[in-house]
Amino acid sequence: MSLTFDQLLRQANTPADGLTPAADARPAYPAARPRRLRQSPGIRAMVRETRLAPADFVSPFFVTHGRGVRNPINAMPGIYQWSPDRLAEEGARLAALGVPAVLLFGLPASKDPVGLENFAPDGIVPQAIRALKAAAPELVVITDVCLCEYTDHGHCGLLSTPASHPQLAAGTILNDETLPVLARVAVAHAEAGADMVAPSGMLDGAVGAIRAGLDDFGYPNVAILAYSVKYASSFYGLFREAAQGAPRFGDRQSHQMDPANAREALREAALDLAEGADMLMVKPALAYLDVIRQTRDRFPEAPLAAYNVSGEYAMLKAAAANGWLDERRAVLETLTSIKRAGADLVITYHAADAAGWLRAG
Ligand code: PBG
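Quick caveat: nothing in here was measured; it's all calculated off a predicted structure. The numbering scheme is per chain: residues are counted from 1 as the chain's sequence reads. Residues qualify for local features only when their pLDDT is at least 70, as the model is predicted, and side-chain atom pairs are given and counted only at 80 or more; totals for whole chains, interfaces and linings, by contrast, use all residues. As a rule here, side-chain values come from all non-hydrogen atoms in the structure, and water together with hydrogens is ignored.

For the rest of this paragraph, the subject is helix H5 (residues 175-192). Think of it this way: any DSSP run of H or I at least four residues long counts as a helix, any run of E at least two long counts as a strand, and we number them from the N terminus. Every helix has an expected span of 1.5 Å times one less than the residues it contains. Between its first and last C-alpha, H5 extends 26 Å over 18 residues, near the 26 Å set by a 1.5 Å rise per residue. Each residue's exposure class comes from its accessible area (1.4 Å probe, protein chains only) as a fraction of the maximum for that residue type: buried when under 20%, exposed when over 50%, partly exposed otherwise. Burial analysis of H5 places 13 of its 18 residues in the buried class, which makes it a mostly covered element. Once H5 ends, the next one or two residues include Gly193, with phi positive near 115 degrees.

The structure is reproduced here in structure tokens:
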């Protein structure tokens, strides 16, 4: 039942809408043989729709006080807590691999209810920023802006006490009271040389408060990468160990999103853009590829990052360590899927390895 050349030509010349040949008018098998475009590496490369490159990655780093420190993190093989001096060396190595940016999380020397080190000019993150900028000036430095790593209670905001807010249950997150703290943290990071700040607490109004704070203090060019769409996920456990930021009681469900919701994600992203977000983020990545795609389609103007989080990293590392998966292929396939879903950037603990593999070809 193969069509003659004349029949094919007639079909191709009679588009249903005057522009596009109707789907059923396109040649079918045996004229159509999609495998033609898969038969050699050269052809496959020509028709590849999604290309992964080191320039797509942002590498997260945990920074701790001291010198010469490189503490491994349990269940995240290859990931460490670094002191600023060692971080600077690692940052230079990453930049040489073509990875453009890092995302910093700080471990303070001590914790308190407000998280004072979070906005101290000589706090751990400002130290790390300066060390990185000296060692690898081309590296874009993004900093996490949240309270949970710095507060003794491990929550992402200031908490009510019976004395301060008798009408609230003790330990309620005080959204509006926390916003000036977030703005101060962002300004402290900007003063130290951060290029971009990333509020991760999902508090309402955080992006607007940080934008206003940065502008007031003379940092209109410091950008905001908003954790606009962050789910209350089971995949963050290892990060909380690495960053020592687990809540002492309760959980984060009063501010992080319900994994069942996608329409709400679009509302969050729209609000953050209206408040001045320069880039959006969806987090985690793998269980939320549909949300990445919807966010990309709804907001074509906004650069979109996706955070391939600690639990997602650990899953592949554990399977690879057992010989159950080919690590290189599984990691590159995973990162490609996140980009194909619509992310421009992938924040990933695989960044250095993946960049090395991609460069090796
Ligand atoms: C909070 C923060 C978390 C992560 C990034 N920023 C943890 C949380 O919200 O509990 C998780 C990242 C990961 O799992 O890799 N500042």
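Picking up after the structure, the text goes on.
A word on the site of the ligand. Proximity criterion: a residue is near a molecule or strand once any of its heavy atoms comes within 4 Å of it. Taken together, 19 residues form the shell around the ligand, and within it Lys230, Arg240, Lys283, Ser310 and Tyr349 come nearest. Contact distances for the ligand include 3.1 Å between a nitrogen atom and a side-chain N or O atom of Glu149. Per-residue and other accessible areas were derived by the Shrake-Rupley procedure at a 1.4 Å probe size, with only the shown protein chains allowed to occlude residues. In isolation the ligand has 400 Å² of accessible area, and contact with the protein removes 100% of it. Throughout this entry, Asp, Glu, Lys and Arg are counted as charged residues, while Ala, Val, Leu, Ile, Met, Phe, Trp, Tyr, Cys and Pro are counted as nonpolar. The remaining residues, Gly among them, count as polar. When grouped by side-chain class, the residues that make up the shell around the ligand number ten nonpolar, three polar and six charged. Polar contact is defined as a pair of N or O atoms within 3.5 Å, subject to the rule that within protein one atom must be able to donate a hydrogen and the other to accept it, and that residues adjacent in sequence are counted only when both atoms are side-chain atoms.

Of the voids in this model, the largest pocket is the one considered here, and its volume is about 350 Å³. Forming the walls of the largest pocket are Arg48, Glu49, Thr50, Arg51, Leu52, Leu332, Glu333, Thr336, Arg340 and Leu358. Considering every element that reaches the lining of the largest pocket, the biggest residue donor is helix H11 (residues 327-340), with four residues. For the lining of the largest pocket, the per-class residue count stands at three nonpolar, two polar and five charged. Reported here for the second largest pocket is a volume of approximately 250 Å³. A cavity here means a set of 1 Å grid points, computed over protein atoms only, where a 1.4 Å probe fits but cannot escape. A pocket is an open set with protein on both sides within 12 Å along at least 5 of 7 lines, and lining residues have an atom within 4 Å of a point. Lining the second largest pocket are 18 residues; nearest its centre among them are Gly78, Ile79, Glu90, Tyr349 and Ala352. Among the elements of the structure, strand E1 (57-63), strand E3 (80-82), helix H3 (84-96), helix H10 (310-321) and helix H12 (351-360) are those that each provide at least two residues to the lining of the second largest pocket. The element best represented in the lining of the second largest pocket is E1, accounting for four residues. Grid points are joined across faces, edges and corners, and a volume is the space filled by probe spheres set on the points.

Looking now at the packing of aromatic side chains. A pair of Phe, Tyr and Trp rings is counted when the ring centres sit within 6.5 Å of each other, with Trp represented by its six-membered ring. The angle between the planes then sorts it: under 30 degrees is stacked, over 60 is edge-to-face, the rest tilted. Taken as a whole and assessed by the stated rule, the structure comprises ten aromatic pairs. With 5.4 Å between their ring centres and 65 degrees between their planes, Tyr80 and Trp82 make a pair best called edge-to-face. Taken together through their ring pairs, the aromatic side chains of Phe62, Phe105, Tyr227, Phe239, Tyr307, Tyr313 and Tyr349 make up a single cluster. When the ring centre of Tyr236 is taken as origin, the NZ or CZ atom of Lys230, which lies over that ring, is 5.6 Å away. Cation placement over rings: the criterion is NZ of Lys or CZ of Arg within 6 Å of the ring centroid and within 35° of the ring normal.

Bringing the nonpolar core into the picture now. Definition of nonpolar core: a set of buried residues of the types Ala, Val, Leu, Ile, Met, Phe, Trp, Tyr and Cys, connected through side-chain atoms within 4.5 Å. Of all hydrophobic cores here, the largest spans 80 residues; its most connected members are Phe57, Leu104, Leu214 and Ile292. Whether two residues are in contact is decided by their heavy atoms: any pair within 4.5 Å suffices. Once residues within four sequence positions are removed from consideration, Phe57 is found in contact with Leu52, Val99, Pro100, Ala101, Leu335, Val346, Thr348, Ala351, Ala354, Ala355 and Leu358.

Turning our eyes to something else, we now look at a nonpolar patch on the surface. Patch definition: residues above 30% relative accessible area lacking any salt bridge, with like charges linked at up to 9 Å and the nonpolar side chains Val, Leu, Ile, Met, Phe, Trp and Tyr linked at up to 5 Å. Any carboxyl oxygen of Asp or Glu that lies within 4 Å of a side-chain nitrogen of Lys or Arg is treated as forming a salt bridge with it. The grouping of Leu37, Met46 and Val47 at the surface amounts to a nonpolar patch, some 320 Å² of accessible area in total. With respect to the secondary-structure elements, Met46 resides in helix H2 (residues 41-46).

One pass over the full model with this rule turns up eleven salt bridges. Between Lys133 and Asp195 there is a salt bridge whose closest N-O contact spans 2.7 Å. Pair noted here: Lys133 is in helix H4 (residues 124-135) and Asp195 is in the loop between H5 and strand E6 (196-199), with a separation of 62 residues, a long-range link. The exposure class assigned to Asp195 is partly exposed, which follows from its relative accessible area of 30%. Note that Asp278 and Arg211 form a salt bridge whose closest N and O atoms lie 3.9 Å from each other. One end of the pair, Asp278, is in the loop between helix H8 (263-275) and strand E8 (279-283); the other, Arg211, is in helix H6 (residues 206-216), and 67 residues separate them in sequence. Put simply, Arg211, Asp215 and Asp278 are held in one network by salt bridges that share partners.

What follows is about the packing of H11 against H12. Orientation is described by lines fitted to C-alpha atoms, with helices fitted over the stretch in contact, and by angles between N-to-C directions that extend from 0 to 180 degrees. In contact at an axis separation of 10 Å, H11 and H12 are set at 100 degrees when each is read in the N-to-C sense. Judged by the angle between their axes, H11 and H12 are roughly perpendicular. Along its contact with H11, which presents Glu327, Arg328, Val331, Leu332 and Leu335, the element H12 presents Asp353, Ala354, Trp357 and Leu358. Residues that form the contact of H11 with H12 fall into these classes: six nonpolar, no polar and three charged. The labels follow the angle: roughly parallel below 35 degrees, roughly antiparallel above 145, roughly perpendicular from 65 to 115, and oblique for the rest.

This part is about unusual backbone geometry. Cis geometry is found at the peptide bond from Tyr29 to Pro30, where omega equals 10 degrees. Inspection of the secondary structure assignment puts Pro30 in the loop between helix H1 (5-12) and H2. Cis peptide bonds are those with omega within 30 degrees of zero, and the linkage from Lys283 to Pro284 qualifies with -10 degrees. For Pro284, the location among the structural elements is in the loop between E8 and helix H9 (289-298). Within the chain, Ala75 stands out as a residue other than glycine whose phi angle is a positive 70 degrees. Phi at Met202 takes a positive value of approximately 55 degrees, unusual for a residue other than glycine. Here Met202 lies in the loop between E6 and H6.

Geometry only, nothing functional implied.
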